[in-house]
Amino acid sequence: GAGVSQSPSNKVTEKGKDVELRCDPISGHTALYWYRQSLGQGLEFLIYFQGNSAPDKSGLPSDRFSAERTGGSVSTLTIQRTQQEDSAVYLCASSRQPNTEAFFGQGTRLTVV
Amino acid sequence: GQSLEQPSEVTAVEGAIVQINCTYQTSGFYGLSWYQQHDGGAPTFLSYNALDGLEETGRFSSFLSRSDSYGYLLLQELQMKDSASYFCAVIRDSNYQLIWGAGTKLIIKP
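Reading the values: the criteria
Residues numbered from 1 in each chain as written. Chains lettered and ligands numbered in written order. Predicted model: local features only at pLDDT ≥ 70, side-chain atom pairs only at ≥ 80, totals over all residues. Heavy atoms only, no water. Salt bridge = Lys/Arg side-chain N within 4 Å of Asp/Glu carboxyl O. Helix = DSSP H or I, 4+ residues; strand = E, 2+ residues; numbered from the N terminus. Buried < 20%, exposed > 50% of the residue type's maximum accessible area, 1.4 Å probe, protein only. Contact = heavy atoms within 4.5 Å. Buried area = accessible area lost by both parts, 1.4 Å probe. Polar contact = N/O pair within 3.5 Å; in protein donor to acceptor, adjacent residues only side chain to side chain. Disulfide = S-S within 2.5 Å.

Asker: Help me understand the pattern of salt bridges, please; the structure alone is not making it clear to me.
Answerer: Two side chains of opposite charge can pair, provided their charged atoms sit close to one another. Residues and elements named next belong to chain B. According to the stated counting rule, one finds five salt bridges over all chains in the structure shown. The partner of K105 in a salt bridge is D39, with the nearest N and O atoms 3.9 Å apart. Note that K105 is positioned in strand 11 (residues 104–109) and D39 in the loop between strand 4 (31–37) and strand 5 (44–49), a separation of 66 residues in sequence. Owing to a relative accessible area of 67%, D39 belongs among the exposed residues under this scheme.

Structure (structure tokens):
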């Protein structure tokens with residue numbers, strides 16, 4: 001596609017429910033990143049994919065968070081048993097190679113009530 | 001640990017020049033990037049420095065000193081549309097992870 005696409009754009013969920021966030025990167029981009037951003041804050045790194053493998057999962061806040069990437073393209077971030085502190089904007093970015101310009105999607109705004 | 005320091009807020013006047021500083025302390029360094037983010041929008045790439053010196057792109061320039069673990073973003077001929085948050089980010093050479101600063105909110109007054 002022309003840019004990084006994320007869905008849904010907004011998600012309201014009840015505490016304790018599982019949610020799945022989707023990222024469709026730019027075609028041909030091998031690197032894919034997930035970040036979390038709270039209002040007025042910087043970006044918190046969650047996980048990085050190179051192809052289908054995740055060499056760095058160090059940013060995942062807890063074992064309730066998991067992510068996968070299939071076919072070197074689409075990635076899903078799953079949050080199980082959501083908590084109110086999980087409320088944030090979840091941003092996905094992709095780049096042609098790991099050390100080149102990253103292009104961001106518009107994010108998924110997650111609200112846990 | 002890994003840390004990047006940048007001012008939380010900077011105020012400038014339309015038409016002026018402003019410099020946003022970034023100091024970093026990371027284990028491993030590959031390069032320093034700058035991103036712009038308008039309220040409610042996604043970050044967009046501005047510049048990247050891997051070597052010491054100044055990179056110029058139109059009204060925006062970015063500088064890096066690896067020996068000082070320091071860089072800055074210079075914005076010239078400020079326009080109201082430049083009001084946004086600006087983030088510096090370090091690319092670590094070990095795993096290409098991007099480590100982000102907390103961002104600098106640039107407020108431009110007419």
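What follows picks up the thread again.
Asker: Explain the interface of chain A and chain B to me, please; I cannot follow it from the model alone.
Answerer: How big an interface is tends to be expressed through the accessible area that disappears when the partners come together. Taken together, the contacts link 18 residues of chain A with 17 residues of chain B. Across the interface of chain A and chain B, roughly 1500 Å² is buried in total on both sides, 59% from carbon and sulfur atoms. Summed over the shared surface of chain A and chain B, the result is zero salt bridges. The interface formed by chain A and chain B contains three residue pairs in polar contact (both at pLDDT 80 or more). Within the residue set of the side of chain A that touches chain B, elements represented by two or more residues are strand 4 (31–37) and strand 5 (43–50) of chain A.

Asker: When you look at the state of the cysteines in this model, what are you seeing that I'm missing?
Answerer: A covalent bond between the sulfur atoms of two cysteines is referred to as a disulfide. Using the criterion set out here, one finds two disulfides over all chains in the structure. Paired by a disulfide, C23 of chain A and C92 of chain A hold their sulfur atoms 1.9 Å apart. Across the S-S bond of C23 of chain A and C92 of chain A the torsion is about -65 degrees, and the bridge reads as left-handed. With C23 of chain A in strand 3 (residues 19–24) and C92 of chain A in strand 9 (residues 88–95), the pair connects residues that are 69 residues apart, well separated along the chain. For the pair C23 of chain A and C92 of chain A, one class covers both residues: buried. Across the disulfide, C22 of chain B is cross-linked to C88 of chain B (sulfur-sulfur distance 2.1 Å). With the S-S bond torsion at 75 degrees, the cross-link from C22 of chain B to C88 of chain B turns out right-handed. Within this pair, whereas C22 of chain B is found in strand 3 (residues 18–25), its partner C88 of chain B is found in strand 9 (residues 84–91), the two being separated by 66 residues in sequence.

Honestly, that's just the spatial picture; any functional story needs more than this.
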